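Structural characterization, general
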Amino acid sequence: MELKTNHAAPVLTDPAPTISKSRLGIHSSLLPYSQQGAPFSSKYITIPRKKPGKLDDVWSNGWLDAMKSSSPPRKKLNKDFSVEVASDDNDNAYLSWMLKHPSALNFFERITSFARNKKIAVFLDYDGTLSPIVDDPDRALMSDAMRDAVRNVAKYFPTAIISGRNRDKVYELVGLTELYYAGSHGMDIMGPVTNTDSVNSTDQQGKEVKLFQPAKEFLPMIDEVFRTLVENTKGIKGAKVENHKFCASVHYRNVDEKNWSTIAQRVHDVLKDYPRLRLTHGRKVLEVRPVIEWNKGKAVEFLLGSLGLYSRDEVLSIYIGDDRTDEDAFKVLKKKNRGYGILVSPIPKETSAFYSLREPAEVMEFLKALVSWKDQEEAN
Ligand SMILES: O=P(O)(O)OC[C@H]1O[C@H](O[C@H]2O[C@H](CO)[C@@H](O)[C@H](O)[C@H]2O)[C@H](O)[C@@H](O)[C@@H]1O
């Protein structure tokens, strides 16, 4: 019997016997494996971007399709789940999707059973995971209750925030000194870095820290492209450009949909002049970043290595995120048998995450459950 929570999600607490092992929440990767992964390597290489300018407009390269599907509509959830299921076909689709990606709350006991006798490492995305998605990125605030939950988790488990945002900004939003932080989609890591490429720095408290910044050489280029993007999108009502130091974001959440092709075309045109930059899609945001083989997945591996947590026998990693950029981390955990990705989504999505949670409120509940479980373990 799985842990029941008081949250409304009356499915999959007792999986039907006919469901296959993988659907029961047994991560095949956590069953005995034959080979230990290669030791941590800091190698990151530049990968070629598709020829710039080959596609003339944003329709032909699929940008607009990606933009349209880039963020689920915000929907008010009815507290009485069963009423909602009956009244909404989307929820039937969600429930069948959950057979493939069960709720991490409903399968909590199964997760912790794999964690027994192991250390747990926790990786958390920020926007849409710890804070709800809101129209203004500057107002994406984390609640005090969520902050307490993260603080408590970090008392027991090494915990890192892996965000697309500027590292200083996400640190300011989270405000917990006891965590490790990776900004710019993992391209700006502050932590116990033991890698030779790391440099000494000081954190906001003046404490000595190590920084690992694999895209450092792109700093002037990102700064330049940021200013060009601001200039070229300033006539588009609702557009907002953010400089995240090693990447830049162009938000279109508040842009009228009829102008999405315009904003996409402007970004596309700017990128034509920067063959060493590429575009990725986030939630109603176009992200411009260096063409290097570095992402949130690499950042997770890097942190595990720096923290001495690389052994799959001894460590179970949990990564919670809501965004396409989090898929890189989910893939690493899945492919390298390192633990569980948990996708935060109120709608079905193609994902490499093993489990799911609907919204930040459930993330908080999951984090609290981890702490209670550990408290009990310690007491026994
Ligand atoms: O990796 P994350 O920590 O999830 O950061 C990803 C992006 O998050 C922010 O944008 C998203 O959240 C905003 C606030 O809720 C929302 O307005 C926006 O539409 C979302 O895309 C941040 O502003 C971006 O720069 C990050 O890349």
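Each chain has its residues counted from 1, running along the sequence as written. It should be noted that, the model being predicted, local features are given only for residues of pLDDT at least 70 and side-chain atom pairs only at 80 or more, the latter also being counted only at that level, while totals for whole chains, interfaces and linings use all residues. The side-chain quantities take in all heavy atoms of the structure and omit both hydrogens and water.

Strands here are runs of E lasting at least two residues and helices are runs of H or I lasting at least four, both read from the DSSP assignment and numbered beginning at the N terminus. Along the chain, the regular secondary structure elements total 11 helices and 13 strands. In this scheme, a residue with accessible area under 20% of its type's maximum is buried, one over 50% is exposed, and one in between is partly exposed, where area comes from a 1.4 Å probe on protein chains only. A total of 380 residues make up the chain; the buried ones form 53% of that total. Long-range contacts, defined here as pairs at least 24 residues apart, represent 67% of the contacts in the chain between residues at least 6 apart. Surface accessibility in these figures is a Shrake-Rupley result with a 1.4 Å probe; residues are shielded only by whichever protein chains are displayed. Total accessible area on the chain is roughly 17500 Å²; 50% of this is exposed by carbon and sulfur atoms. Note on contacts: a residue pair is in contact if any heavy atoms of the two residues lie within 4.5 Å.

To continue, consider the site of the ligand. A cutoff of 4 Å decides nearness: a residue is near a molecule or strand if any of its heavy atoms lies inside that distance of it. The ligand sits among 22 residues. The nearest are Asp125, Val134, His244, Arg253 and Arg283. Polar contact is defined as a pair of N or O atoms within 3.5 Å, subject to the rule that within protein one atom must be able to donate a hydrogen and the other to accept it, and that residues adjacent in sequence are counted only when both atoms are side-chain atoms. Contact between the ligand and Asp127: an oxygen atom at 2.9 Å from a side-chain N or O atom of the residue. The contact in question runs from an oxygen atom of the ligand to an N or O atom on the side chain of Ser249, over 3.1 Å. Elements with a minimum of two residues in the shell around the ligand: strand E8 (248–251) and strand E10 (285–290). Amino acids are sorted into nonpolar (Ala, Val, Leu, Ile, Met, Phe, Trp, Tyr, Cys and Pro), charged (Asp, Glu, Lys and Arg) and polar (every other residue, Gly among them). Among the residues forming the shell around the ligand, the class breakdown is seven nonpolar, five polar and 10 charged. Segment limits for the domains were obtained from an automatic or database-derived domain assignment. Viewed by domain, the shell around the ligand spans two of them, domain 1 (95–214 + 294–379) and domain 2 (218–290), each represented by three or more residues.

So, on to the pattern of salt bridges. Whenever Lys or Arg places a side-chain nitrogen within 4 Å of a carboxyl oxygen from Asp or Glu, that contact is recorded as a salt bridge. With the rule as written, the count across this model stands at 20 salt bridges. Across the pair Arg116 and Glu377 runs a salt bridge, and its minimum N-O distance is 3.5 Å. Of this pair, Arg116 sits in the loop between helix H4 (108–115) and strand E1 (119–124) while Glu377 sits in helix H11 (residues 360–379), placing them 261 residues apart in sequence. Exposure remark for Arg116: the relative accessible area of 42% places this residue in the partly exposed category. We note a salt bridge from Asp223 to Arg227, for which the minimum N-O separation is 3.6 Å. Of the two residues, Asp223 and Arg227 both sit in helix H7 (residues 219–233), four residues apart, roughly one turn of that helix. The exposure class of Asp223 is partly exposed, given its relative accessible area of 33%.

So, on to the environment of Leu176. Assignment of secondary structure puts Leu176 in the loop between helix H6 (167–174) and strand E3 (180–183). Sequence separation between Leu176 and Arg147 is 29 residues; the distance between their C-alpha atoms is 8.0 Å. Not counting chain neighbours up to four residues away, the residues in contact with Leu176 comprise Arg147, Val150, Arg151, Tyr171 and Tyr181.

Right, let's get into the packing of helix H9 (residues 296–306) against helix H10 (residues 327–335). A fitted line through C-alpha atoms represents every axis, and for helices the fit uses only the stretch in contact; the resulting angles, taken between N-to-C directions, go from 0 to 180 degrees. Between H9 and H10, whose axes approach to 6 Å, the crossing angle comes to 50 degrees. Between H9 and H10, the angle is such that the two are oblique. Counting all contacts with H9, which are made through Lys296, Gly297, Val300 and Glu301, the residues of H10 involved are Asp328, Ala329, Val332 and Leu333. Its residues assigned to classes, the contact of H9 with H10 shows four nonpolar, one polar and three charged. Each angle receives one of four descriptions, namely roughly parallel if under 35 degrees, roughly antiparallel if over 145, roughly perpendicular if within 65 to 115, and oblique otherwise.

Okay, the pairing of strand E4 (residues 188–191) next. Where burial is concerned, the two faces of E4 agree: the one with Asp188 and Met190 and the one with Ile189 and Gly191 are both buried. When DSSP finds two or more bridges between a pair of strands, those strands are recorded as paired. Alignment of E3 against E4, held across three bridges, turns out to be antiparallel. For Tyr181, the partnering residue across the bridge sits in E4 and is Met190. Counted along the chain from E3 to the antiparallel partner E4, the turn is four residues long, and its residue Ser184 has a positive phi close to 45 degrees.

Let us now look at the domain arrangement of the chain. Looking at the assigned domains, one finds that the chain contains domain 1 (95–214 + 294–379) and domain 2 (218–290). In this structure, domain 1 and domain 2 have C-alpha centres spaced 26 Å apart. Both faces considered, domain 1 and domain 2 share a buried interface measuring about 1600 Å² in area, 49% of it formed by carbon and sulfur atoms. Note that Asp138 is salt-bridged to Lys240, the shortest N-O span being 3.2 Å. At the junction of domain 1 and domain 2, the tally comes to seven residue pairs in polar contact (both at pLDDT 80 or more). In this description, buried area is defined as the sum, over both parts, of the accessible area (probe of 1.4 Å) that is lost when the two are combined.

For strand E9 (residues 277–282), the buried fraction is high: five of the six residues fall into the buried class. Sheet topology places E9 next to E10; six bridges connect them, and they run antiparallel. In the sheet register, His281 faces E10, and the bridge partner there is Leu286. With antiparallel pairing between neighbouring strands as the criterion, E9 and E10 make up a hairpin whose turn holds two residues, including Lys284 at a positive phi of roughly 55 degrees.

The next subject is the packing of aromatic side chains. Pairing of aromatic rings covers Phe, Tyr and Trp, the last counted by its six-membered ring, and requires centre-to-centre distances within 6.5 Å; plane angles under 30 degrees mean stacked, over 60 mean edge-to-face, and any other angle means tilted. For the coordinates displayed, the defined rule picks out 15 aromatic pairs. Ring plane angle 40 degrees and centroid distance 5.2 Å describe the contact between Tyr94 and Trp97, whose orientation is recorded as tilted. In this pair, Tyr94 and Trp97 both sit in helix H3 (residues 89–100), three residues apart, roughly one turn of the helix. Residue Tyr94 shares its accessibility class with Trp97, and that shared class is buried. Aromatic pair Tyr171 and Tyr181: ring centres 5.1 Å apart, planes at 75 degrees, arrangement edge-to-face.

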